[in-house]
Amino acid sequence: MQIRTVTTACLLAFALPAALAADFPGTLKVTFRTSDCAGATGLGSVNVDHITRIQPTDCPNGRKLKQVLTRTPGGTNEVFTITDDEALKLEAQMQRIMDARQKSLEQTKPIIINR
């Protein structure tokens, strides 16, 4: 009975961190305030990895906005319009996430398993 308990404990000790590491850091979402050409506002939230581009766009009334283009792995495309100020905030959020990922990669310690 003790051998099974020790074996199970060892398997959990090695398998659980590996399973959790596969999903780390998981889905990271960015949230931003949307705005349309008429001035109506709302909120948008997307997986940061689905953002493919942020580009300028013009409204018929002359208002300058930015489009946030997204594409999911399933092939669904979405477009959000945001103000220039909100685009700067969104880009800053994305930069912080990229910096955190880079830091995480640099600080990862290798695991050596001797058999």
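This report concerns the structure included in the present document. (Residues numbered from 1 in each chain as written. Predicted model: local features only at pLDDT ≥ 70, side-chain atom pairs only at ≥ 80, totals over all residues. Heavy atoms only, no water.)

This next bit is on the overall build of the chain. A count of helices and strands for the chain gives two helices and five strands. Here the chain holds 115 residues, and 21% of them are scored as buried. Across the chain, the fraction of contacts at a sequence separation of at least 24, relative to all contacts at a separation of at least 6, is 32%. For the chain, the accessible area works out to roughly 8900 Å², and carbon and sulfur atoms hold 58% of it. (Helix = DSSP H or I, 4+ residues; strand = E, 2+ residues; numbered from the N terminus. Buried < 20%, exposed > 50% of the residue type's maximum accessible area, 1.4 Å probe, protein only. Contact = heavy atoms within 4.5 Å. Areas by Shrake-Rupley, 256 points an atom, 1.4 Å probe, with all protein chains shown as cover.)

Note that soluble globular proteins tend to have their nonpolar side chains buried in a common cluster. Residues Val-30, Phe-32, Val-46, Val-48, Ile-51, Val-68, Phe-80, Ile-82, Ala-87, Leu-90, Met-94 and Ile-97 constitute the largest nonpolar core, which totals twelve residues. Of all the secondary structure elements, the ones that give two or more residues to this core are strand 1 (29-35), strand 5 (77-82) and helix 2 (84-107). No other element matches the four residues that helix 2 contributes to this core. Once you skip the residues sitting within four places of it in the chain, Val-46 turns out to touch Leu-28, Lys-29, Val-30, Phe-32, Ile-51, Thr-70 and Phe-80. (Core = buried A, V, L, I, M, F, W, Y, C linked by side-chain atoms within 4.5 Å.)

This is a description of form; function is not addressed.
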